[in-house]
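Geometric and topological summary
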Amino acid sequence: MKVRYSYLPEQFANPEPVFQALRRLVPTGDFTLGQPVRDFEVRFAELIGVKHAIGVGSGTDALKLPLKALGIGPGDEVITAANTFIATVGAIAETGARPVLVDCDDSFCLDVAQVEAAITANTKAIMPVHLTGEVADMPRIMDLAERHGLAVVEDACQGILSEYQGRRSGTWGAAAGFSLHPLKNLNVWGDGGVIVTNDDRMNDRLRLIRNHGLKNRDEIAVLGCNSRLDSVQAVVGNWLIDQTHDITGKRIANAAYYDAAFAGVSELRVPPRRPGIKRVFHLYMVFVEQRDALFAHCLEQGVEAKIHYPIPLYQQEGLRPLGYAPGTFPVTDRHAAEVISFPVDQHITRAQQDIVIETVRDFYRGS
Ligand SMILES: *Cc1c(COP(=O)(O)O)cnc(C)c1O
């Protein structure tokens, strides 16, 4: 492989500082909701610029628990994006509420006009997804939610440090969920997630819910679950969190380099770069002609591209109970046929990016 997609071996090439911190942790026995978790929560809240951060077991739980804290469950509907990763829809479904899907536009985010049309008497919340590190049109979504009395919980799992007109993702709604999964921009050595909120009551409820509803050792205040961020993962997070701005900056610079080079390739279309948005390029995803052939060509040439995602969620066997007929979401369908993602991480070199660019140019020259 000339250009790899996964940069994890490089990112964790020198794990010694983490091992040392783990060596300090083990004798303390402080393994659940311990000091490393409390430290990480304080630092994460500072990073995003919110009052509270609550460490949970995964990004999926970071979406599900706020819905539960809002009292959302069976009989309710939550609107989200048809083109998202399965975890968003799964988190909604796990509460017992019905996930209502809405098509996206070429920003990869919710088409807000269609959100309004999807609101019914049962709608309780909107879950916009900042897919690829793009940012949903939050001012319009918040306005819509206020007019209809709906809660907003952002899926910011791909959008850490992204901004819309200077305001950070995760700071708009009642709460937002972030993922610390190894494939996310701020990543640990397994599963982990963080919920952020500025609402004190929401914070109190979430802290109860993630820990069996336990008020103290003996008293249970609400029915909760077990979804705590592991102390071990918090140790990894505490080591990495200071690098988040740097990681983001490198991804943005790498994406700008691709954008400039690809401007000259007529068969490749870079998504609209809407002004006033700081996109953080969890993925560098573009639209291309002859996608499947280009994808095969890249792999043959040792350039590890990816497709996010080749089969639209609503057409998956597991989501058939939602009852959406093929063709319901034309933009999502078109994306599934046209998108390709190239590595844009903080460790890719300019020389590797040049190989990616040349491989794409080569393909269209030859075709
Ligand atoms: C990764 C991801 C999640 C879920 O995160 P996990 O930590 O894997 O549970 C949710 N939504 C989106 C858009 C994601 O990319």
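Residues numbered from 1 in each chain as written. Predicted model: local features only at pLDDT ≥ 70, side-chain atom pairs only at ≥ 80, totals over all residues. Heavy atoms only, no water.

Here we look at the layout of surface pockets
As a volume, the largest pocket reaches approximately 580 Å³. Every residue lining the largest pocket is counted, 32 residues in all, and those nearest its centre are Gln-158, His-181, Leu-183, Lys-184 and His-282. Each residue belonging to the lining of the largest pocket can be placed in one class, and the counts come to 13 nonpolar, 12 polar and seven charged. Looking at which domains feed residues into the lining of the largest pocket, each of domain 1 (8–242) and domain 2 (244–365) supplies at least three. Computed from the structure, the second largest pocket encloses a volume of approximately 180 Å³. What lines the second largest pocket is a set of 19 residues, and nearest its centre among them are Asn-83, His-308, Tyr-309, Ile-311 and Pro-312. Looking at the lining of the second largest pocket, its residues break down into 13 nonpolar, six polar and no charged. Two domains each provide a minimum of three residues to the lining of the second largest pocket, namely domain 1 (8–242) and domain 2 (244–365). (1 Å grid on protein atoms, 1.4 Å probe; cavity = no way out; pocket = protein on both sides within 12 Å on 5 of 7 lines; lining within 4 Å. Points joined across faces, edges and corners; volume = space filled by probe spheres on them. Nonpolar A, V, L, I, M, F, W, Y, C, P; charged D, E, K, R; others polar. Domains from an automatic or database assignment.)

Considering the domain arrangement of the chain
What the domain assignment lists for the chain is domain 1 (8–242) and domain 2 (244–365). Taking only C-alpha atoms, the centre of domain 1 and the centre of domain 2 are 25 Å apart. Across the boundary between the two partners, domain 1 contributes 41 residues, which contact 35 residues of domain 2. Approximately 3400 Å² of surface area, both sides summed, lies buried where domain 1 meets domain 2, with 56% of it carried by carbon and sulfur atoms. Ranking the residues of domain 1 by area buried against domain 2 places Asp-106, Phe-108 and Asn-185 at the top, with a combined share of 21%. The tally of links from domain 1 across to domain 2 stands at four salt bridges. (Contact = heavy atoms within 4.5 Å. Buried area = accessible area lost by both parts, 1.4 Å probe. Salt bridge = Lys/Arg side-chain N within 4 Å of Asp/Glu carboxyl O.)

Things to note about the pattern of salt bridges
Throughout the structure, instances matching the rule amount to 26 salt bridges. Between Arg-365 and Asp-362 there is a salt bridge, and its shortest N-O distance comes to 3.0 Å. Remark: Asp-362 and Arg-365 occur in helix H13 (residues 350–366); sequence separation between them is three residues, near one turn of the helix. Here Arg-365 falls in the exposed class, since its relative accessible area comes to 58%. The network of salt bridges with common partners includes Asp-106, Arg-269, Arg-334 and Glu-338. (Helix = DSSP H or I, 4+ residues; strand = E, 2+ residues; numbered from the N terminus. Buried < 20%, exposed > 50% of the residue type's maximum accessible area, 1.4 Å probe, protein only.)

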